[in-house]
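Notes for the structure review
Now for the letters of each chain:
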Amino acid sequence: MLGLVENHSLPRTAAFFDLDKTVIAKSSTLTFSKSFYQGGLINRRAVLRTAYAQFVFLAGGADHDQMERMREYLSALCKGWNVQQVKEIVAETLHDLIDPIIYDEAASLIEDHHTAGRDVVIVSTSGVEVVEPIGDLLGADRVVATRMVVGADGCFTGEVEYYAYGPTKAEAIKALAASEGYDLSRCYAYSDSFTDVPMLQSVGHPYAVNPDRALRREAMARDWPILVFNRPVRLKQRLPAFSMPPRPALVAAAAVGAAAATAGLVWYATRRRQSTLA
């Protein structure tokens with residue numbers, strides 16, 4: 001258990017969860033590839049490619065370069081997609097695809113943190129159209145996620161407005177802490193990926209969950225606790241608490257202000273310039 005209920009005379013606290021391989025057993029974005037194919041958004045070749053990407057992700061995680069290639073591929077792939085259609089497809093298939101792959105251990109942690117009076121925030125590199133409904137399903141209080149630019153026609157332009165990845169996750173958490181009054185020294189964070197070390201460093205209680213090799217080494221060097229989640233379970237098979245209406249998930253990436261977004265865009269632009277010059 002995570003301790004006693006929060007003393008509300010003290011500053012507020014939160015638990016920040018990465019999503020893929022931390023709360024759910026697969027990549028949230030790639031999990032919907034078959035549904036997007038059935039909805040006419042992608043072709044069979046794209047389904048096969050995303051299936052391979054899912055395999056690589058599950059086999060050993062993805063390093064920075066692989067994540068960059070995946071981001072570029074998915075950004076180009078979704079160019080021209082109607083945002084409302086994407087939201088409808090996700091809503092229609094959410095329970096069938098995501099409910100069975102939620103880790104029982106993660107769901108228990110979310111319950112424990114809520115019981116202790118802490119907010120639960122999902123912080124994911126996946127797109128907000130996918131992450132927000134999953135956060136809603138989990139009863140998360142807020143969501144930080146990648147946002148794509150949407151054109152006047154209601155379709156993705158293929159450009160990234162805010163990229164929730166690496167250092168930008170930590171910037172978003174710090175901005176959210178400032179706006180919500182969280183005491184980060186008393187907050188918790190959970191992730192499987194070495195790329196999330198900045199996020200884990202930003203809180204007083206970091207945890208490595210199903211860590212990739214690089215994060216495992218980092219966690220051992222820093223004496224961070226290492227957790228193993230391996231029991232996916234449907235929420236409806238769990239405690240009655242999850243049969244209650246979930247808390248509305250808020251898109252924190254839009255609410256934390258221009259500071260986090262600007263930091264993310266500057267970092268992203270720098271990476272692009274470095275890649276161009278390399």
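Residues numbered from 1 in each chain as written. Predicted model: local features only at pLDDT ≥ 70, side-chain atom pairs only at ≥ 80, totals over all residues. Heavy atoms only, no water.

Turning next to the packing of aromatic side chains. Enumeration according to the criterion identifies 8 aromatic pairs in this entry. Taken together, a centroid distance of 5.3 Å and an interplanar angle of 20° make the contact between tyrosine 163 and tyrosine 165 stacked. Tyrosine 165 matches tyrosine 163 in its accessibility class, with the two residues each being buried. Among the aromatic residues, ring-to-ring pairing joins Phe17, Tyr188, Tyr190 and Tyr207 into one connected group. (Phe/Tyr/Trp six-rings, centres within 6.5 Å; stacked < 30°, edge-to-face > 60°. Buried < 20%, exposed > 50% of the residue type's maximum accessible area, 1.4 Å probe, protein only.)

Moving on to helix H8 (residues 167-180). Between its terminal C-alpha atoms H8 stretches 20 Å, which fits the 20 Å expected from 14 residues at 1.5 Å a residue. Taken together, the buried positions of H8 are occupied by Thr168, Lys169, Ala170, Ala172, Ile173, Ala175, Leu176 and Ala177. Of the residues flanking the end of H8, it is glycine 181, one or two places downstream, whose phi is positive at about 80°. (Helix = DSSP H or I, 4+ residues; strand = E, 2+ residues; numbered from the N terminus. Expected span 1.5 Å × (residues − 1).)

On to the confidence of the model for the chain. Averaged over all residues, the pLDDT of the chain is 80; the fraction at 70 or higher stands at 72%. In this model residues 54-60 is a low-confidence stretch, pLDDT under 50, and it forms 15 contacts with partners more than four residues away in sequence or in other chains. Scored below 50 in pLDDT, residues 240-278 makes 61 contacts in the model with residues more than four places away or belonging to other chains. (pLDDT = per-residue confidence, 0-100. Contact = heavy atoms within 4.5 Å.)

On to helix H6 (residues 104-115), then. Each α-helix turn comprises 3.6 residues. Residues three or four places apart therefore point the same way. Between the first and last C-alpha of H6 there are 16 Å, a value that for 12 residues agrees with the 16 Å anticipated at 1.5 Å per step. Judged by how many residues are buried, H6 sits mostly within the fold: 10 of 12 residues are covered. Those residues of H6 that fall on the buried side of the exposure criterion are Asp104, Glu105, Ala106, Ala107, Leu109, Ile110, Glu111, Asp112, His113 and His114. Buried residues in H6 make contact with strand E1 (14-17), strand E2 (119-127), helix H7 (128-138), strand E5 (188-191) and strand E7 (226-227). Two residues or fewer past H6, glycine 117 is found with a positive phi of approximately 90°.

The next subject is unusual backbone geometry. Phi angles above zero are rare outside glycine, and asparagine 210 is one such case at about 45°. Tracing the chain through its elements places asparagine 210 in the loop between strand E6 (205-209) and helix H10 (213-222). The phi dihedral of aspartate 223 falls on the positive side, at around 65°, and the residue is not glycine. With relative accessibility at 68%, the residue aspartate 223 sits in the exposed group.

Note: strand E3 (residues 142-150) against strand E4 (residues 156-162), 3 bridges, orientation antiparallel. Bridged to arginine 147 within E4 is tyrosine 162. A loop of 5 residues connects E3 with E4, the two strands running antiparallel in sequence, and glycine 154 in this loop sits at a positive phi of about 80°. (Pairing = 2+ DSSP bridges.)

Attention now goes to the pattern of salt bridges. Scanning the model with the defined rule gives 10 salt bridges in all. For arginine 12, the salt bridge identified is with glutamate 180, shortest N-O distance 3.0 Å. In this pair, arginine 12 is assigned in the segment before E1 and glutamate 180 in helix H8, connecting sequence segments 168 residues apart. In this structure, the salt-bridge partner of lysine 169 is aspartate 196, at a minimum N-O distance of 3.2 Å. Note that lysine 169 is positioned in helix H8 and aspartate 196 in the loop between E5 and helix H9 (197-201), a separation of 27 residues in sequence. In this structure lysine 169 comes out as buried when scored by relative accessible area, which is 2%. In the salt-bridge network here, residues are joined through shared partners; they are Arg12, Asp119, Arg142 and Glu180. (Salt bridge = Lys/Arg side-chain N within 4 Å of Asp/Glu carboxyl O.)

Our next topic: the packing of helix H5 (residues 83-97) against H7. The interhelical angle for the contact between H5 and H7, taken along N-to-C directions, is 35°, at an axis separation of 9 Å. H5 and H7 meet at a crossing whose hand is right-handed. Along the contact surface, H5 presents Val83, Val86, Lys87, Val90, Leu94 and His95, while H7 presents Glu129, Val130, Pro133, Ile134 and Leu137. Of the residues belonging to the contact of H5 with H7, the class tally is 8 nonpolar, 1 polar and 2 charged. (Axes fitted to C-alpha atoms, helices over the stretch in contact; angles between N-to-C directions. Left-handed = near helix turned anticlockwise from the far one by under 90°. Nonpolar A, V, L, I, M, F, W, Y, C, P; charged D, E, K, R; others polar.)

Now for the pairing of E2. Taken across its 9 residues, E2 has 9 buried, putting it largely inside the fold. Bridge count for E1 against E2 is 4 bridges, and the pairing is parallel. If you follow alanine 14 over to E2, its bridge partner there is aspartate 119. Examined bridge by bridge, E2 and E3 share 5 bridges and lie parallel to one another.

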